[in-house]
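# Chain and residue survey
Here is what each chain is made of, one letter per residue.
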Amino acid sequence: MGNFFPRWTNWVPLKIAVCLGFVLVGVAVGASYYFTPKYTRVGYEPTQPVAFSHKQHVGELGLDCRYCHSYVEQSSHSNVPTNQTCYNCHGPDKGQVKKDSPKLAKVREANITGQPIEWVKVHKAPDYVYFNHSVHVNRGVSCVSCHGKINEMEVVKHAEPQSMGWCLDCHREPEKNLRPLDQITNLNYKPEQLNRDAFYQGLADKGAKFEDLGKTVLNGKPAEKLPADLNALVALATDTYGPTVTQQEVGSQLKHNWRIHAPEDCTTCHR
Ligand code: HEC
Ligand code: HEC
Ligand code: HEC
Ligand code: HEC
Ligand code: HEC
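First, a word on scope: everything that follows refers to the structure included in this document. (Residues numbered from 1 in each chain as written. Chains lettered and ligands numbered in written order. Predicted model: local features only at pLDDT ≥ 70, side-chain atom pairs only at ≥ 80, totals over all residues. Heavy atoms only, no water.)

### Quick notes on the overall build of the chain
Regarding its fold elements, the chain presents 13 helices and zero strands. Among the 271 residues that make up the chain, the fraction classed as buried is 32%. Of the contacts formed within the chain by residues at least 6 apart in sequence, a portion of 69% connects residues at least 24 apart. Total accessible area on the chain is roughly 17900 Å²; 58% of this is exposed by carbon and sulfur atoms. (Helix = DSSP H or I, 4+ residues; strand = E, 2+ residues; numbered from the N terminus. Buried < 20%, exposed > 50% of the residue type's maximum accessible area, 1.4 Å probe, protein only. Contact = heavy atoms within 4.5 Å. Areas by Shrake-Rupley, 256 points an atom, 1.4 Å probe, with all protein chains shown as cover.)

Right, here's the structure in full:
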């Protein structure tokens, strides 16, 4: 009987199994892309143990995110501040801010007991997802792209879905979100505030050639002559993008000059 079927059929079950494997992964990916409720988390806004307001501390007092989230540029993880950070201003000493406020009772209590305040986590990637803050914020992606306008929130809420499809949307077209590094924690930044001359001069100071910057502006369009100095480059950019600096302009230059590559293969985020 053994010779009744040709030899290659021995491999058929294996082939079917492998194919099925691929199909299942495909279905899982498709399902997660299309059906994981992209927006269920959006709006999640737990009640925190202390009524800490980002609107007040960032929007009104002007504190920088890194004053409290001090590891966000160095580490994969963005820390939430310890009680000591609050005590820099709300401690018991004379002249401290609101030192007797009932709203700060838990902060004072934490300082006596040494127990950290139990802030409720708002954003949480599943354990099987690898995420790293520093690779994003040191490469021109602002907090606002992933967390929304925290500086206007009384209570932090989930502003973006942070689903796989959402991660990938940006990885495919990062130029839509890149900005100069000194603007990462400025959540009110708009590209049109940039001075075009200063932007291009800054890139040239870092070693970019005017001709190459011009090529990126042209984006494949033919030109008689590439710009050889700042004035010619700015004239070309004004011609291409209009009188004010645009996101497309900033993003495409930064992507090219910083050699930004946001990977899309599975092992980038599932290790
Ligand atoms: C004075 C300190 C302070 C400053 C400044 C500050 N934060 Fe926070 N942040 C906190 C504390 C405390 C929490 C935890 C309680 C909460 O969620 O409100 C927090 C929570 C967060 C969370 C939610 C964390 C989670 O659980 O998912 C995000 C996102 C965040 N901050 C972003 C920012 C951004 C962006 C800035 C700058 C625009 C900023 N923060 C500035 C103290 C600060
Ligand atoms: C750089 C100084 C500074 C730091 C650090 C700081 N705060 Fe404040 N905080 C203020 C100021 C200023 C006010 C506004 C006081 C006012 O309204 O006159 C304030 C107000 C508050 C209030 C409202 C108090 C009330 O009675 O209205 C709370 C609650 C509060 N902060 C919590 C915190 C917590 C929690 C932290 C640590 C995560 C923190 N603050 C860190 C300066 C600071
Ligand atoms: C590319 C998207 C992205 C950017 C940019 C980003 N975050 Fe996050 N952030 C996330 C994700 C995703 C999580 C959940 C991570 C996790 O669970 O490991 C998170 C979590 C946090 C947390 C909660 C950490 C914890 O464990 O409680 C804080 C605080 C935070 N981010 C602050 C910031 C600040 C401040 C900036 C800007 C300086 C920033 N993030 C920029 C995506 C981003
Ligand atoms: C708003 C844009 C944006 C979003 C949203 C975003 N990323 Fe990224 N990500 C980038 C960019 C840009 C890079 C490439 C940085 C570079 O070239 O060094 C990157 C790189 C990475 C890397 C590679 C880091 C390395 O070690 O090489 C990982 C991992 C990653 N992102 C995970 C995530 C995950 C997970 C999410 C969703 C929770 C996410 N990203 C959402 C823009 C984004
Ligand atoms: C840029 C980061 C990133 C890349 C690249 C990526 N994923 Fe994901 N993936 C995520 C995140 C984030 C989640 C969690 C989604 C959520 O919590 O809503 C996820 C979830 C999943 C899930 C679980 C779905 C569910 O609903 O539980 C599967 C399966 C998966 N990914 C497979 C893949 C495969 C296969 C690839 C390669 C084609 C891939 N992923 C590439 C970020 C990524």
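### Looking at the packing of aromatic side chains
We describe a pair of aromatic rings using the distance from one ring centre to the other and the angle between the two ring planes. All told, the structure shown has two aromatic pairs when counted by the stated rule. Consider the rings of Phe-52 and Trp-119, whose centres lie 6.5 Å apart with planes at 70°: the pair is edge-to-face. With Phe-52 in the loop between α1 (12–34) and α2 (54–60) and Trp-119 in the loop between α5 (105–113) and α6 (133–137), the pair connects residues that are 67 residues apart, well separated along the chain. Here Phe-52 falls in the partly exposed class, since its relative accessible area comes to 32%. Taking 5.2 Å as the distance between ring centres and 70° as the angle between the ring planes, the aromatic pair formed by Phe-199 and Tyr-200 counts as edge-to-face. For the pair formed by Phe-199 and Tyr-200, the shared burial category is buried. Above the face of the Tyr-130 ring, Arg-271 is positioned so that its terminal group lies 3.8 Å from the ring centre. (Phe/Tyr/Trp six-rings, centres within 6.5 Å; stacked < 30°, edge-to-face > 60°. Lys NZ or Arg CZ within 6 Å of the ring centre and 35° of its normal.)

### Some thoughts on the site of ligand 4
With respect to spatial proximity, 21 residues lie near ligand 4, and among them His-136, Arg-139, Cys-167, Cys-170 and His-171 are the closest. Between ligand 4 and His-136 there is a distance of 2.8 Å, counted from a nitrogen atom to a side-chain nitrogen or oxygen. Those elements that place two or more of their residues in the shell around ligand 4 are α6, α7 (143–147), α8 (164–172) and α13 (266–269). Sorting elements by how many residues they give to the shell around ligand 4 places α8 first, with four residues. Taken together, the residues of the shell around ligand 4 break down into 13 nonpolar, six polar and two charged. (Near = heavy atom within 4 Å. Polar contact = N/O pair within 3.5 Å; in protein donor to acceptor, adjacent residues only side chain to side chain. Nonpolar A, V, L, I, M, F, W, Y, C, P; charged D, E, K, R; others polar.)

### Examining the coordination of the iron atom of ligand 4
Protein coordination of the iron atom of ligand 4 is provided by His-136 (NE2) and His-171 (NE2), with donor distances spanning 2.0 Å. Classification of the site at the iron atom of ligand 4 rests on its six donor atoms, whose angles at the metal span 87 to 180°, yielding the label octahedral. Of this pair, His-136 sits in helix α6 while His-171 sits in helix α8, and the two are 35 residues apart along the sequence. The class for His-136 is partly exposed, based on a relative accessible area of 22%. (Donors = N, O, S within 2.8 Å, 3.2 Å for Na, K, Ca; no water. Tetrahedral: all angles 85-135°; square planar, octahedral: opposite > 155°, others 65-115°.)

### Some thoughts on the coordination of the iron atom of ligand 1
The iron atom of ligand 1 binds to the protein through His-54 (NE2) and His-69 (NE2); the donor distances cover 2.0 Å. Seen from the iron atom of ligand 1, its six donor atoms lie at angles of 88 to 179°, and the figure they make is octahedral. With His-54 in helix α2 and His-69 in the loop between α3 (65–68) and α4 (83–90), the pair connects residues that are 15 residues apart, well separated along the chain. With a relative accessible area of 14%, His-54 lands in the buried category.

### So, the nonpolar core
The biggest cluster of nonpolar side chains holds 23 residues, and the ones touching the most others in it are Phe-199, Tyr-200, Leu-203, Leu-213 and Val-250. Those elements that provide at least two residues to this core are α9 (196–205), α10 (210–218), α11 (230–241) and α12 (247–257). The biggest single contributor to this core is α11, with six residues. Not counting residues within four places of it along the chain, the set of residues in contact with Tyr-200 comprises Leu-213, Val-217, Leu-230, Leu-233, Val-234, Ala-237, Tyr-241, Glu-249 and Gln-253. Ranked by size, the runner-up nonpolar core spans eight residues in total, among them Val-122, Val-144, Met-153 and Leu-187. (Core = buried A, V, L, I, M, F, W, Y, C linked by side-chain atoms within 4.5 Å.)

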